[in-house]
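Each chain, written out:
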Amino acid sequence: MSTFPLLSLPSLVIWNVIDNLNTEETLDLSMCSRKSRFLVRACSKNRYELKIEICYENKLVLYSKQNPADKVTFAFENYSVRCDYLSVAFEPHVRYIPYHRQSGTFSLEKEFIEYLMGTFRCVIDEIELSRLYNLPIYFRDIIDYFSSLQPSVREFYLEGRVKEDDLNYFLNTSTISEALQLEIVTDHKPGTDFYIDLYSIHLWGGGWVNLDHFLKMNFTACFYDADTSLITPTDWLFLMNSWINGWNRRMNMFQFQSHEFDFELTETMLEQVPGQRIDQNVVRFFESPCVNFIEIEEGLEIYGGYDIRRAEDGVVATVVRHPICPVRFVFLVWN
């Protein structure tokens, strides 16, 4: 079989060939030699992004910005006894790195991360960190490592049990540009001084979040699902009044859900906030600020509700029970 002398071609021709390779082919080419790696780096043009998952197995996903399905996935086995959930059992296309003596130290993953970022000039777009399966990981060391690679990531997902001091450290040192998802159990106490300014925040099982926490947040969209809610009906009315007086001016939508919150009582108390009750027969359609936001894709059809108006600029918001889920309030700001 004859070979194609790619590296002997003129530079412009080589760049054109590399431009037409998919992500997997480009990665394979970069690993052929030092010269081929240099050529891939010169031709990458910030076309790639990286997703990092730290869980029962660690994954690195290198993908094209234009076509996220054009990707290469590396999976690292971290346990000497094979787990039934490993992707090698379900995803044969994954490049699987079997158990090795450095498992649990994250050292091999670091080598791959730095190789991919250095060769493809990609940025880390998303990080998923689960503490349910990977308890030996040193939480702060991992957070510091990500911060050393780049100052901010677009999306961060944190799951599992997190100690109060670790959560405080994460909230005060990590920078997320758009979306933060916290599905955690924690002994976090009220009153900790942190500030969140994000596109969207998802809080699952967020029984640690109270009124003081929300007053230190700015977000465009929030979904808060609390198994044990620290928010009372009085707190909810305070948030409404705070919004009228200028809290979280960037907010478009706030969904609050709890099986312990007294929604019926709060409904009867809404008139304590300056506003207007809208007849249940009035139907309005709210366009979602994000097509990927939880349970509201293109928009939401609402019936009635209670309208309030921001004092500074007259912008109107509606607080209403969710039309399908009765244990949820939605706070919608109209453009």
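An unreviewed UniProt entry annotates the protein chain as F-box domain-containing protein originating from Caenorhabditis remanei.

Student: How would you sum up the overall build of the protein chain? Please name residues and give values.
Tutor: Check the secondary structure of the protein chain and you find 9 helices and 14 strands. Within the span of the protein chain, comprising 335 residues, buried residues form 52% of the whole. Taking the contacts inside the protein chain whose residues are at least 6 apart along the sequence as the reference set, 56% of them involve residues at least 24 apart. Only carbon and sulfur atoms are counted for the fraction: they give 52% of the accessible area of the protein chain, which is about 16700 Å².

Student: Can you explain the nonpolar core? Please cite residues and give values.
Tutor: The biggest cluster of nonpolar side chains holds 82 residues, and the ones touching the most others in it are Phe-156, Phe-170, Phe-214 and Phe-254. The element best represented in this core is helix H4 (residues 107-120), accounting for 7 residues. Dropping the residues within four chain positions of it, Phe-170 is found in contact with Phe-139, Ile-143, Phe-156, Leu-158, Ile-176, Leu-180 and Leu-182. Grouped together as the second largest cluster of nonpolar side chains are 8 residues, Ala-221, Met-253, Leu-300 and Val-330 included.

Student: Describe the pairing of strand S9 (residues 217-226), with residues and values.
Tutor: S9 sits mainly inside the fold: 10 of its 10 residues count as buried. Relative to S9, strand S8 (residues 196-204) runs parallel, the two being bridged by 8 bridges. What sits directly across from Ile-201, in S9, is Cys-222.

Student: Break down the packing of helix H2 (residues 23-30) against helix H3 (residues 34-43) for me, with residues and values.
Tutor: Closest axis-to-axis distance for the H2/H3 pair is 7 Å, and the angle between their directions is 140°. The orientation of H2 relative to H3 falls into the category oblique. On the side of H2, the interface is formed by Thr-26, Leu-29 and Ser-30, while H3 contributes Ser-36, Arg-37 and Val-40. Residue classes in the contact of H2 with H3 are distributed as 2 nonpolar, 3 polar and 1 charged.

Student: Talk me through the pattern of salt bridges; I want residue IDs and the actual numbers.
Tutor: Evaluated as defined, the whole model comprises 19 salt bridges. Arg-154 is paired through a salt bridge with Glu-178; the nearest N and O atoms lie 3.8 Å apart. Linking Arg-154 in strand S6 (residues 153-162) with Glu-178 in strand S7 (residues 176-186), this pair joins segments that are 24 residues apart in sequence. Among the ionic contacts, a cluster of salt bridges with common partners joins Glu-264, Glu-267, Glu-271, Arg-277 and Arg-321.

Student: Account for the packing of aromatic side chains, with residues named and values stated.
Tutor: Throughout the structure, instances matching the rule amount to 23 aromatic pairs. Aromatic side chains Tyr-224 and Phe-256 sit 5.4 Å apart centroid to centroid with 45° between the ring planes, which places their arrangement in the tilted category. Separated by 32 residues along the polypeptide, Tyr-224 in strand S9 and Phe-256 in strand S10 (residues 253-258) bring together distant segments of the chain. A relative accessible area of 0% means that Tyr-224 is categorised as buried. Their ring planes at 70° and their centres at 4.9 Å tell us that Phe-261 and Phe-263 sit as a pair that is edge-to-face.

Student: How would you summarise unusual backbone geometry if you had to cite specific residues and measurements?
Tutor: A positive phi angle is found at Arg-121, which is not glycine, with a value near 50°. For Arg-121, the position within the fold is in the loop between H4 and strand S5 (123-130). Residue classification places Arg-121 among the partly exposed residues on the basis of a relative accessible area of 31%. Positive phi, normally seen in glycine, also occurs at Asn-248, with a value near 50°. With respect to the helices and strands, the residue Asn-248 is situated in the loop between helix H8 (233-244) and S10. The exposure class assigned to Asn-248 is buried, which follows from its relative accessible area of 2%.

Student: I'd like a description of helix H6 (residues 164-173), backed by residues and values.
Tutor: Taken residue by residue, H6 has Asp-166, Leu-167, Asn-168, Phe-170 and Leu-171 as its buried positions. On its buried face, H6 sits against helix H5 (139-149), S6, S7 and S8.

Student: Now, about the packing of H2 against H4: what can you tell me, with residues and values included?
Tutor: At a minimum axis separation of 12 Å, H2 and H4 run at an interaxial angle of 100°. One element, H2, and the other, H4, form an angle in the roughly perpendicular class. For the pair H2 and H4, the contacting residues are Thr-26, Leu-27 and Ser-30 in the first and Tyr-115, Leu-116, Thr-119 and Phe-120 in the second. Looking at the contact of H2 with H4 residue by residue, the classes come out as 4 nonpolar, 3 polar and no charged.

Student: Tell me about the environment of Phe-120, residues and numbers included.
Tutor: Its location among the elements puts Phe-120 in helix H4. As for Phe-120 and Lys-45, which are separated by 75 residues in sequence, their C-alpha atoms are 8.1 Å apart.

Reading the values: the criteria
Residues numbered from 1 in each chain as written. Predicted model: local features only at pLDDT ≥ 70, side-chain atom pairs only at ≥ 80, totals over all residues. Heavy atoms only, no water. Helix = DSSP H or I, 4+ residues; strand = E, 2+ residues; numbered from the N terminus. Buried < 20%, exposed > 50% of the residue type's maximum accessible area, 1.4 Å probe, protein only. Contact = heavy atoms within 4.5 Å. Areas by Shrake-Rupley, 256 points an atom, 1.4 Å probe, with all protein chains shown as cover. Core = buried A, V, L, I, M, F, W, Y, C linked by side-chain atoms within 4.5 Å. Pairing = 2+ DSSP bridges. Axes fitted to C-alpha atoms, helices over the stretch in contact; angles between N-to-C directions. Parallel < 35°, antiparallel > 145°, perpendicular 65-115°, else oblique. Nonpolar A, V, L, I, M, F, W, Y, C, P; charged D, E, K, R; others polar. Salt bridge = Lys/Arg side-chain N within 4 Å of Asp/Glu carboxyl O. Phe/Tyr/Trp six-rings, centres within 6.5 Å; stacked < 30°, edge-to-face > 60°.

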